[in-house]
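Chain and residue survey
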Amino acid sequence: MSEEKRVTNKEEKTAPKKEPTRKPRTRREKNALEKFKAKLDQKAKESRGWAVGITLGWAFLMLLWVFVVLMGTQYLVAFLLLGLNLQVSETVLQTIFTAITYTVSLVLIVLVPWKVLGMKTTRDEVGMRGLPTWTDVLLAPVGFILFMIAASFALTVMQAIMPAIDWNQAQDVGFNGIYGQGDFILAFVCLVVIAPLVEEMIFRGWLYGKMRSKMSALPAILLVSLLFGIVHGQWNVGVVVFMMSIAMCIMRELTGTIWGGMLIHIIKNGIAFYALFVNPTLDGAAAGMLLLAL
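Residues numbered from 1 in each chain as written. Predicted model: local features only at pLDDT ≥ 70, side-chain atom pairs only at ≥ 80, totals over all residues. Heavy atoms only, no water.

**Here we look at the environment of glutamine 171**
Assignment of secondary structure puts glutamine 171 in the loop between helix H5 (134-161) and helix H6 (181-212). Placed 66 residues apart in sequence, glutamine 171 and valine 237 show a C-alpha to C-alpha distance of 7.5 Å. (Helix = DSSP H or I, 4+ residues; strand = E, 2+ residues; numbered from the N terminus.)

In structure tokens form, the structure reads like this:
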């Protein structure tokens, strides 16, 4: 008999316990629960709204910082060079101006936020990891061709929308008096080497890297490209370089570096340099568009 009791007790211990039956919620409880969920949803929406607003404000400050440094540095360097009254040729003076402006701008844009705000910048963030690869080299011509097609289409659309603007306005690249081989080499170095390298490090490198740390690719591409178009100062040039920037940002997304975009930029400026200084009689829509965006 005692053995039966032990077996029964053991079965009672091992048997799963039945959960107490939950009473159905009353209408008042349901209403209170729905109100509580609605409050939570509202707070979540407000939090997301604040987060989006903070991100957009931060992005605006980054764009403004790059714009102010680039524009301010140009005026400051021009003022200093005028004050020095250097007795050199126009080409040499423009070369000095270009080299100093790009160098100072790059240093200020990267180092001031780093030292003042603690916004440290890494090689990966700037997209300068490793050296250019065959992927970069092979994708660059493809990106260049696609950019040219897109830019041609964008210009056609903008001409139809805003016919009052002079879409054939010539761009002043600063080198208006090239008289010898030395001047030719200096102009080539500034326009085809220095400008693409530094602009890519600033826009598709530092600025795009900062943007991508706070937002997805699409808004980052559009914001960086919009600023890139604005700093070129002309509607026709702005449209072309806006499309070029989109291509170079996509290249960075695909490869993780700025090398491919830098090659696109060099190809673009190299062909434009040829059309402007080597063979100025070159005609055609493609040549005209290339001349818009050195």
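Picking up where we left off.
**Digging into a nonpolar patch on the surface**
Together, Phe60, Leu61, Leu64, Phe67, Val68, Leu226 and Ile230 make up an exposed nonpolar region whose accessible area comes to about 640 Å². Of all the secondary-structure elements, those providing two or more residues to the nonpolar patch are helix H2 (27-84) and helix H7 (217-230). Considering each element in turn, the nonpolar patch owes the most residues, 5 residues, to H2. Within the secondary structure, phenylalanine 60 is located in helix H2. (Patch = residues over 30% accessible without salt bridge, like charges linked within 9 Å, V, L, I, M, F, W, Y side chains within 5 Å. Areas by Shrake-Rupley, 256 points an atom, 1.4 Å probe, with all protein chains shown as cover. Salt bridge = Lys/Arg side-chain N within 4 Å of Asp/Glu carboxyl O.)

**Digging into the packing of helix H3 (residues 90-117) against H6**
At a closest axis distance of 10 Å, the pairing of H3 and H6 adopts a crossing angle of 15°. Taken together, the axes of H3 and H6 lie roughly parallel to each other. Once H3 is placed against H6, the crossing between them reads as left-handed. Along the contact surface, H3 presents Thr91, Val92, Thr95, Thr98, Tyr102, Leu106, Ile109, Val110 and Pro113, while H6 presents Asp183, Leu186, Cys190, Ile194, Ala195, Val198, Glu199, Met201, Ile202 and Trp206. Residues that form the contact of H3 with H6 fall into these classes: 14 nonpolar, 3 polar and 2 charged. (Axes fitted to C-alpha atoms, helices over the stretch in contact; angles between N-to-C directions. Parallel < 35°, antiparallel > 145°, perpendicular 65-115°, else oblique. Left-handed = near helix turned anticlockwise from the far one by under 90°. Contact = heavy atoms within 4.5 Å. Nonpolar A, V, L, I, M, F, W, Y, C, P; charged D, E, K, R; others polar.)

**Re the packing of helix H8 (residues 235-255) against helix H9 (residues 259-278)**
Where H8 contacts H9, the axes come no closer than 7 Å and their chain directions differ by 150°. Here H9 runs roughly antiparallel to H8, going by the angle between their axes. Mapping the contact onto sequence places Met244, Met248 and Met251 in H8 and Gly260, Gly261, Ile264, His265 and Lys268 in H9.

**Observations regarding the packing of aromatic side chains**
Enumeration over the complete set of coordinates arrives at 6 aromatic pairs. When the ring of tryptophan 167 is compared with that of tryptophan 235, the centres are 6.4 Å apart and the planes differ by 70°; the resulting orientation is edge-to-face. Here tryptophan 167, found in the loop between H5 and H6, pairs with tryptophan 235, found in helix H8; they are 68 residues apart in sequence, far enough to count as distant. By relative accessible area, tryptophan 167 is classed as buried at 6%. Put simply, the rings of Phe184, Phe188, Phe273 and Phe277 pair up and form one aromatic cluster. Above the face of the tryptophan 114 ring, lysine 115 is positioned so that its terminal group lies 5.4 Å from the ring centre. Arginine 204 extends its terminal NZ or CZ atom over the ring of phenylalanine 228, reaching a point 4.1 Å from the ring centre. (Phe/Tyr/Trp six-rings, centres within 6.5 Å; stacked < 30°, edge-to-face > 60°. Buried < 20%, exposed > 50% of the residue type's maximum accessible area, 1.4 Å probe, protein only. Lys NZ or Arg CZ within 6 Å of the ring centre and 35° of its normal.)

**Examining H3**
Compared with the 40 Å implied by 1.5 Å per residue over 28 residues, the 39 Å span of H3 between its first and last C-alpha is a close match. The largest bend in H3 comes to about 30°, at leucine 111, with the proline proline 113 one to four residues further on. (Expected span 1.5 Å × (residues − 1). Bend = angle between axes of the 7 residues up to and from the residue.)

**Details of the side chain of lysine 210**
Tracing the backbone through its elements, the reader meets lysine 210 in helix H6. Here lysine 210 falls in the buried class, since its relative accessible area comes to 4%. Residue contacts for lysine 210: discarding those within four places in its chain leaves Trp58, Met119, Lys120, Thr121 and Glu125.

Limitation: the analysis is restricted to geometry and does not speak to function.
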